Amino acid sequence: MLLIDCPFCGKRPELEFRYAGEAHIARPADPSGLGDEAWGRFLYGRGNPRGMHAERWRHLNGCGRFFNALRDTTDDRFAATYKIGEERPMVAEPQGARKA
Amino acid sequence: MSAPFRLGAGGRIDRSRKLRFWLDRKAYEGVAGDTLASALLANGVHLVGRSFKYHRPRGIMAAGSDEPNALVSVGSGSRFTPNLRATQVELTDGLVAQSQNRWPSLGRDFGALNDVFSPLFPAGFYYKTFMWPKSAWKRIYEPKIRAMAGLGRAPTLPDSDTYTQRYAHCDALIVGAGPAGIAAALAAEAHGARVILCDEQAELGGSLLAETKATIDGKEASAWLSDALSRLSHSPNVRWLSRTTAFGCFPHNMVGLAERLTDHLPSPSEGRPRERLWQVRAKEVVLATGALERPLVFPDNDRPGIMLADAARQYLARYAVKPGTRVVVVTAHDQAYRAATELAEAGVEIAAILDIRQDASGSWAEQARGAGLHILSSTTICATSGRHRVSSVEIAPVGRDGKVGPRSRLACDLVLMCGGFTPAIHLFSQARGKLRFEERLNAFLPDGGAEGVRCAGASRGIFGLDAAIADGVAAGEAAARDAVGGGVEAAHSPVPLPKDLDGRRLDPLPHDRSPHRVKAFVDFQNDVTAKDVKLAVREGFRSIEHIKRYTTTGMATDQGKTSNMNALGIAASALDKPLPDVGLTTFRMPYTPVTFGTFAGVARGELFDPVRVTPTHDWASAHGAVFEDVGQWKRARYFPLKDEDMHRAVARECQAVRQSVGVFDASTLGKIEIVGPDAAEFMNRIYVNPWSRLEPGRCRYGVMLREDGSILDDGVVGRLAADRFHVTTTTGGAAQVLNHMEDFLQTEWSGLDCWLTSTTEQWAVIAVQGPDSRKILERLVDDIDLSAAAMPHMSVREGHVCGVPARVFRVSFTGELGFEINVPADHGRAVWQAVLDAGFSRSLTPYGTEAMHVMRAEKGYIIVGQDTDGTVTADDVGLSWAIGKTKKDFVGKRSLARPALSDPGRKQLVGLVTEDPELVLEEGAQIIAEEPTASHRSAPHKMIGHVTSSYFSATLGRGIALAMVAGGRRRMGETLYVPMPEGSIKAVVTNPVFLDPEGKRLDA
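Residue positions are given per chain, counting from 1 as you read along its sequence in written order. Lettering of chains starts at A and numbering of ligands starts at 1, both following the order in which they are written. For a predicted model such as this one, the threshold for reporting local features is a pLDDT of at least 70, and the threshold for listing and counting side-chain atom pairs is 80 or more; totals across whole chains, interfaces and linings nevertheless cover every residue. With hydrogens and water set aside, each side-chain value is computed from the structure's full complement of heavy atoms.

## Some remarks on the overall build of chain A
Line of reasoning, step 1. Numbering of helices and strands runs from the N terminus, with a helix taken as a DSSP run of H or I at least four residues long and a strand as a DSSP run of E at least two residues long. Of the regular secondary structure elements, chain A holds one helix and six strands.
Line of reasoning, step 2. Over its C-alpha atoms, taken along the principal directions, chain A stretches across nearly 55 × 30 × 20 Å.
Line of reasoning, step 3. The burial tally for chain A puts 34% of its 100 residues in the buried class.
Line of reasoning, step 4. Here the accessible surface of atoms and residues is derived via Shrake-Rupley with a 1.4 Å probe, and residues count as covered only by protein chains that are part of the display. By element, 48% of the accessible surface of chain A is carried by carbon and sulfur atoms, the whole surface being about 5700 Å². Accessible area is worked out with a 1.4 Å probe on protein chains only. A residue is then buried under 20% of its type maximum, exposed over 50%, and partly exposed in between.

In structure tokens, the structure reads:
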């Protein structure tokens, strides 16, 4: 079970959280000004990276807050969690084992 | 009765406490400290089971959790457990065990015919043979095969034991309490770490429990062990758990432990849980899981009386049991010499030690030589004999060219084999650690890559008592340093692998017989032989994962603890590839089987899935309600009187509401209170409706969309004040609506000043519906003017009902005049009773969800999720009137402008009436436009829609249905067809509002 570091509560087990999709996809300020294709990209266009992924989680069975996280999709390691509205932190791509 | 093979002295047993036990109705005697296996061996019993596929007689092969053969069922009735390893079953007084997979008895087993006909059962036999006819597989082949092949019977009664679960956190979790694990625990504790130490055995100590001569720090091993345990038990920072298997290693250093609490007690006290699941989150994990002895692969190596050499030594040293009287040892590893020497010292005759190697020069071999044991190097076993117990072996020299020389026969009642040791890397691999093949050991070793997980001792190839302890100390120090930090230094480093590694053999032993005729077992539990593995390669399987699945090697309940490396070695040579290139199959949890009860814990019966009930639940139960599940809620579906069926009860309940008055518990409706200066603005953005001009005291039917334009949920919203809305949602949608709202409020519109609070469980909702509903409410309310002029349809008032603070809504989901009384949930039952009392003379009728459904369908009111799915827009179900046309934006608005969402050919909500009024269409039935004729009944028709709701309406005296039909609103009056197995049904498209389309009854 993953340990997820809620920026408001600290480390808590995965069971308390719910995944909420890719992060940093802002709702356009004026949707009616967008063409169908651009709106379609906003609705459905999502990254599927192998490696670091910025994504949203909600501490559903805890403080109830949404927050963002950087997770390595190859090994589920969380590199960072941060509050909504904060910049995506710079983290090094994972470099394997810390120690033997 | 007394056990003839028990030594008079020695061992970690208590001879004064005699225990009586039964195997297959025969009584035996053991002593305290025995396992079932050691007690059976003390009684000279080797035959304990029949094998999985060929029903061959099998005996005890190992001494621990790696045992593949000796599976027994223990207990009876609701405490019956099959497939337990006799080597791990602690003996208790009165224990009743049964052998498995035999009929009629262990000695005479009908299924053993499988062994005679075994040439007919090669690897993949089932796939190759039972192919046609296809239908026979499920009905005939599989049930028969399952009955013949297999393990113990599943218990037939519900488990009467209870199970418990715990979470724990620690700095260092140490798995395995052998010398390395104990040394690691001592070192970690000394450096200030909070330690959990666990071991699967009853006694901590691992291999130390079978050390009779070694000394550590100048003390006898057993004294060192008890001193160490005493030190650990006095430390407030150490928790040690015996009888506790670390069965799985999960991400972020979570380790699952299964602790067995009562199986070793003769009669568990009531209420004491049988097992406990530990979910341990450790900063650092030290795996001191030891190594598993490998069998040798030679013809008929599976007879009872053929054991692993070091297992036999453990029975001798720990349980004071002589596993035989005359022994032939066959080995490819020095450790077997130690076993032979110690058995010889205990008075067991060693007929010969056969060493497949040309010379053995280790210290154990020297000792054996010194003791005058008969050693034959470069010698193999070609055959064994003995029906229920090995009685002799045929041995032969192997020349330098690999040729097998002339055979000779040696009588014996015990054969000990040793093919080397395989480090137990299961948990390390589960933790996603990397493995490296060490050629000198012929084994895979841990090679980093698992953060916060390290191995110590034999599990990383460090054998020998002193080296293992030194390695454990280093691992414990390093774990403490990494977990505690703060200046802790690791003074010792991990022990390097020695140069003269003694690893050895993975190939089958050479023999002089036809390889096609002999059975040299690799996987004893699944009856896989060397020739099966070779056959799989000949038939084209290349990947070890495929070879594993085709032959089933390593797929038994022991997960190939004794077999995986041998199978890999055979596959590698058959594929003519270096072994590391063949790869290793994946290690998965659990390390040993874990009971379902442990995982379920208290989540059984009523606690398996929580049930939500409304304040009137007990009243409804007492009044004969039939309940239905809606999400986790129990809702009263109908209230049958005497011998009424559902049809008649629902008709009566509907009639009461339509003609006088009914009462309904609507407490399950989701409720959210939205409060704050920006509450109205938030509502404007979330709902399609406009809210700014809705006056306090008025209600509106709200619809919300997903961003893609499809309907998410609906419900009546009351505005209580300029800054306060009482939102209702569907019963099933409450949680996701709140999540949806929170998502937008927290992430997109965090500048809006308002708060969302779930109040679903705070309010009991009592709906009073029907022409007489006002008269009932008037008796209960004195501070709200309920008159039609003062309180019109779709309004809300705050006041008191029966003196209880209440919010009274004038709303209707039935099409009748109606009110919904919201009172604090604690008062719900009392107010419900007051409503019933007030309505008695008006024949007030409680009604359930079924009548509610019928009445709302008569009015064409949709149920989100029943009449809609994730593709349906507000316009599709005729709700475009709800959309605030002047609003610049709301969630989903932009999607509605996409061309596909305004296509006139989209499916639209319509009513359907069947030509035959008695017919009720089936919900989910497909709809077609053209009448199917007899000549092309099976021809494909274009499906143009489907039935979403369908009921018999007693009020209208006919079946009615709601349906989503392509271009439906343009089809009014058209006849459509609903094809059913009995023939197609004619139905006419109508307005979905079947009753009172002008809505006059609402104002009754």
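## Some points on the overall build of chain B
Line of reasoning, step 1. Helix and strand content of chain B: 24 helices and 49 strands.
Line of reasoning, step 2. Here the globule rule is a power law, 2.2 Å times the number of residues to the power 0.38, and the radius of gyration is based on C-alpha atoms. Relative to a compact globule of 1004 residues, whose C-alpha radius of gyration would be 30 Å, chain B shows 38 Å and is clearly more extended.
Line of reasoning, step 3. With the C-alpha coordinates of chain B rotated into their principal frame, the extents come out at 115 × 75 × 55 Å.
Line of reasoning, step 4. Expressed as a percentage of its 1004 residues, the buried residues of chain B come to 57%.
Line of reasoning, step 5. Contacts between residues were defined by any pair of non-hydrogen atoms, one from each residue, lying within 4.5 Å. Looking at chain B alone, contacts between residues at least 24 apart form 66% of all its contacts between residues at least 6 apart.
Line of reasoning, step 6. Here chain B displays about 40900 Å² of accessible surface, and carbon together with sulfur accounts for 53% of that area.
Line of reasoning, step 7. Counting 117 positive and 116 negative side-chain charges, chain B places the centres of these two groups 4 Å from one another. Neither His nor the chain ends contribute to the count of charged residues, in which Lys and Arg are positive and Asp and Glu negative. Here the site of a charge means atom NZ of a Lys, CZ of an Arg, CG of an Asp or CD of a Glu.

## A word on helix H19 (residues 679–686) of chain B
Residues and elements named next belong to chain B.
Line of reasoning, step 1. Counting buried residues along H19, six of its eight residues qualify, which places the element largely inside the surrounding structure.
Line of reasoning, step 2. Among the residues making up H19, those that are buried are Ala679, Ala680, Phe682, Met683, Asn684 and Ile686.
Line of reasoning, step 3. Buried-residue contacts for H19 involve strand E34 (670–675), strand E35 (699–705), strand E36 (711–721), strand E37 (724–729), helix H20 (734–748) and strand E38 (755–758).

## Focus: the sheet that holds E36(B)
All names here are of chain B.
Line of reasoning, step 1. If DSSP finds at least two bridges between two strands, the strands pair. In space, the five strands of this open sheet follow the order E35-E36-E37-E34-E38, with antiparallel pairing throughout. Among the strands making up the open sheet, the edge pair consists of E35 and E38. With strand direction ignored, the average angle separating the axes of adjacent strands in the sheet is 30°.
Line of reasoning, step 2. With four bridges connecting them, E36 and E37 associate as antiparallel partners. Considered in E37, the bridge of Arg719 is made with Phe725. All axes here are fitted lines through C-alpha atoms, helices being fitted over the stretch that makes contact, and every angle between N-to-C directions spans 0 to 180 degrees.

## Focus: the side chain of B:Asp302
Residue and element names in this part refer to chain B.
Line of reasoning, step 1. As for its placement among the helices and strands, Asp302 is situated in the loop between strand E16 (291–293) and strand E17 (306–308).
Line of reasoning, step 2. The class for Asp302 is buried, based on a relative accessible area of 2%.
Line of reasoning, step 3. Whenever two N or O atoms come within 3.5 Å, that pair is a polar contact, provided that in protein one can donate a hydrogen and the other can accept it, and provided that, for residues adjacent in sequence, both atoms are side-chain atoms. Within polar-contact distance, the side chain of Asp302 engages the side chain of Arg58 at 2.9 Å.
Line of reasoning, step 4. Look past the residues within four positions of Asp302 in its chain and what remains in contact with it is Arg56, Pro57, Arg58, Phe521 and Phe524.

## Observations regarding the pairing of strand E19 (residues 349–355) of chain B
Regular strands place their side chains on alternate faces of the sheet.
All names here are of chain B.
Line of reasoning, step 1. Along E19, six of the seven residues are buried, which leaves the element largely enclosed by surrounding structure.
Line of reasoning, step 2. For strand E18 (residues 326–331) and E19, the ladder comprises six bridges, and the chain directions are parallel. Note on E19: the bridge partner recorded for Val328 is Ala352.
Line of reasoning, step 3. Seen with its strands pointing away from the viewer, a crossover is right-handed if its path from the first strand over the helix to the second goes clockwise. Note on the crossover from E18 through helix H8 (residues 335–345) to E19: the handedness is right-handed.
Line of reasoning, step 4. In this fold, E19 hands off to helix H9 (residues 363–370), which returns the chain to strand E20 (residues 375–377); that crossover is right-handed.

## Looking at the interface of chain A and chain B
Line of reasoning, step 1. Taken together, the contacts link 35 residues of chain A with 35 residues of chain B.
Line of reasoning, step 2. Summed over both sides, the interface between chain A and chain B buries roughly 2900 Å², with carbon and sulfur atoms accounting for 46% of that surface.
Line of reasoning, step 3. We define a salt bridge as a contact between a side-chain nitrogen of Lys or Arg and a carboxyl oxygen of Asp or Glu at a distance within 4 Å. Where chain A meets chain B, there are six salt bridges.
Line of reasoning, step 4. Notably, a salt bridge pairs B:Lys888 with A:Asp30, separated by 3.5 Å at the nearest N-O pair.
Line of reasoning, step 5. Viewed at the interface, chain B and chain A are joined by 15 residue pairs in polar contact (both at pLDDT 80 or more).
Line of reasoning, step 6. Residue assignment for the side of chain A that touches chain B shows that the elements contributing at least two residues are helix H1 (36–44) and strand E4 (52–58) of chain A.
Line of reasoning, step 7. It is H1(A) that provides the largest number of residues to the side of chain A that touches chain B, a total of five residues.
Line of reasoning, step 8. Note on residue categories: nonpolar means Ala, Val, Leu, Ile, Met, Phe, Trp, Tyr, Cys or Pro, charged means Asp, Glu, Lys or Arg, and polar means any other residue, Gly included. Broken down by class, the residue content of the side of chain A that touches chain B amounts to 19 nonpolar, four polar and twelve charged. In short, buried area is how much 1.4 Å probe accessible area vanishes from two parts on joining, totalled over both.

## Notes on the sheet that holds strand E5 (residues 71–74) of chain B
Each strand in a sheet pairs with its neighbour through backbone hydrogen bonds, running either in the same direction (parallel) or in the opposite one (antiparallel).
Residue and element names in this part refer to chain B.
Line of reasoning, step 1. Here we have five strands laid out as an open sheet, ordered E2-E1-E7-E5-E6, and mixed in their pairing. Of all the strands in the sheet, the pair left with one neighbour each is strand E2 (26–32) and strand E6 (81–85). Geometrically, the sheet is characterised by an average inter-axis angle of 40° between neighbouring strands, direction not taken into account.
Line of reasoning, step 2. Of the pairings in the sheet, the one linking strand E1 (residues 14–23) to strand E7 (residues 95–98) comprises three bridges and is parallel in character. In the strand pairing of E7, Leu23 is matched with Ala97.

## Remarks on the packing of helix H18 (residues 646–659) of chain B against helix H23 (residues 849–858) of chain B
All names here are of chain B.
Line of reasoning, step 1. Across the interface, H18 lies against H23 with an axial gap of 9 Å and an inter-helix angle of 60°. On the basis of their axis angle, the class for H18 and H23 is oblique. Seen along the crossing, H18 lies across H23 with a hand that is right-handed. Packed against H18, whose contacting residues are Met646, Val650, Glu653, Cys654, Val657 and Arg658, the element H23 presents Glu850, Ala851, Val854, Met855 and Glu858 at the interface. Orientation is classified from the angle alone, with under 35 degrees giving roughly parallel, over 145 giving roughly antiparallel, 65 to 115 giving roughly perpendicular, and any other angle giving oblique. Left-handed describes a crossing whose near helix is turned anticlockwise from the far helix by less than a right angle; the clockwise case is right-handed.

## Concerning unusual backbone geometry
All names here are of chain B.
Line of reasoning, step 1. Each neighbour pair has its own omega, and for Met589 with Pro590 the value is 0°, a cis peptide bond.
Line of reasoning, step 2. Summarising the element assignment, Pro590 is placed in the loop between helix H15 (579–582) and helix H16 (596–600).
Line of reasoning, step 3. At Lys642, a residue that is not glycine, the phi angle is positive and equals roughly 40°.
Line of reasoning, step 4. Structurally, the position occupied by Lys642 is in the loop between strand E32 (633–638) and H18.
Line of reasoning, step 5. What makes Lys642 exposed here is its relative accessible area of 88%.

## Side note on the environment of B:Ser795
Residue and element names in this part refer to chain B.
Line of reasoning, step 1. Locating Ser795 in the fold gives a position in strand E40 (residues 795–801).
Line of reasoning, step 2. Placed 95 residues apart in sequence, Ser795 and Arg700 show a C-alpha to C-alpha distance of 8.4 Å.
Line of reasoning, step 3. When near neighbours in sequence (up to four residues on either side) are disregarded, Ser795 contacts Gly697, Arg698, Cys699, Val808, Phe809 and Arg810.
Line of reasoning, step 4. At 2.5 Å, the side chain of Ser795 and the backbone oxygen of Pro792 are in polar contact.

## Quick notes on H18(B)
Residues and elements named next belong to chain B.
Line of reasoning, step 1. If you check H18, its first and last C-alpha atoms are 20 Å apart, about what 14 residues at 1.5 Å a residue would give, namely 20 Å.
Line of reasoning, step 2. Within the sequence span of H18, burial applies to Ala649, Val650, Glu653, Cys654, Ala656, Val657 and Arg658.
Line of reasoning, step 3. Looking at the buried residues of H18, the elements they touch are E32, strand E33 (662–665), strand E39 (763–769), strand E43 (845–846) and H23. Every helix has an expected span of 1.5 Å times one less than the residues it contains.

## Digging into the packing of aromatic side chains
Line of reasoning, step 1. Two rings belonging to Phe, Tyr or Trp (six-membered ring only in the last case) form a pair when the distance between their centres is within 6.5 Å. Interplanar angles under 30 degrees mark stacking, angles over 60 mark edge-to-face geometry, and anything in between is tilted. Enumeration according to the criterion identifies 22 aromatic pairs over all chains in this entry.
Line of reasoning, step 2. Their ring planes at 90° and their centres at 5.8 Å tell us that A:Phe17 and A:Phe67 sit as a pair that is edge-to-face. Taken together, the residues span a long stretch of sequence, with A:Phe17 in the loop between strand E2 (10–13) and strand E3 (18–22) and A:Phe67 in strand E5 (residues 66–72) at a distance of 50 residues.
Line of reasoning, step 3. Each residue in the set A:Tyr19, A:Trp57 and A:Phe78 is aromatic and connected to the rest through ring pairs, giving one cluster.
Line of reasoning, step 4. Residue placement shows B:Lys561 over the ring face of B:Tyr591; its charged tip is 4.3 Å from the ring centre. Here, a charge over a ring is recorded when the distance from Lys NZ or Arg CZ to the ring centre is within 6 Å and its angle to the ring normal is within 35 degrees.

## Here we look at the domain arrangement of chain B
Line of reasoning, step 1. Domain start and end points were adopted from an automatic or database domain assignment. With domains assigned, chain B is organised as domain 1 (14–129), domain 2 (165–291 + 423–484), domain 3 (305–419), domain 4 (514–576), domain 5 (665–856) and domain 6 (904–990).
Line of reasoning, step 2. Distance between the C-alpha centres of domain 4 of chain B and domain 5 of chain B: 67 Å.

## A word on the environment of B:Glu203
Residues and elements named next belong to chain B.
Line of reasoning, step 1. By secondary structure assignment, the location of Glu203 is in the loop between strand E9 (195–198) and strand E10 (215–216).
Line of reasoning, step 2. With a relative accessible area of 29%, Glu203 lands in the partly exposed category.
Line of reasoning, step 3. Excluding residues within four positions of it along the chain, Glu203 makes contact with Arg12, Leu209 and Arg318.

## Details of the confidence of the model for chain B
Line of reasoning, step 1. Per-residue confidence for chain B averages 93 on the pLDDT scale, and 97% of its residues sit at or above 70.
Line of reasoning, step 2. Under the prediction, the complex receives an ipTM of 0.94, its pTM being 0.87. Residue-level confidence of the predictor is what pLDDT reports, using numbers from 0 through 100.

## Examining the pattern of salt bridges
All names here are of chain B.
Line of reasoning, step 1. Within this structure, the stated rule accounts for 62 salt bridges over all chains.
Line of reasoning, step 2. Salt-bridge contacts for Arg274 lead to Glu275; the nearest nitrogen and oxygen are separated by 3.9 Å.
Line of reasoning, step 3. The class of Glu275 is buried, set by a relative accessible area of 5%.
Line of reasoning, step 4. Where salt bridges share partners, they join Arg56, Arg58, Asp300, Asp302, Arg303 and Asp527 into one cluster.

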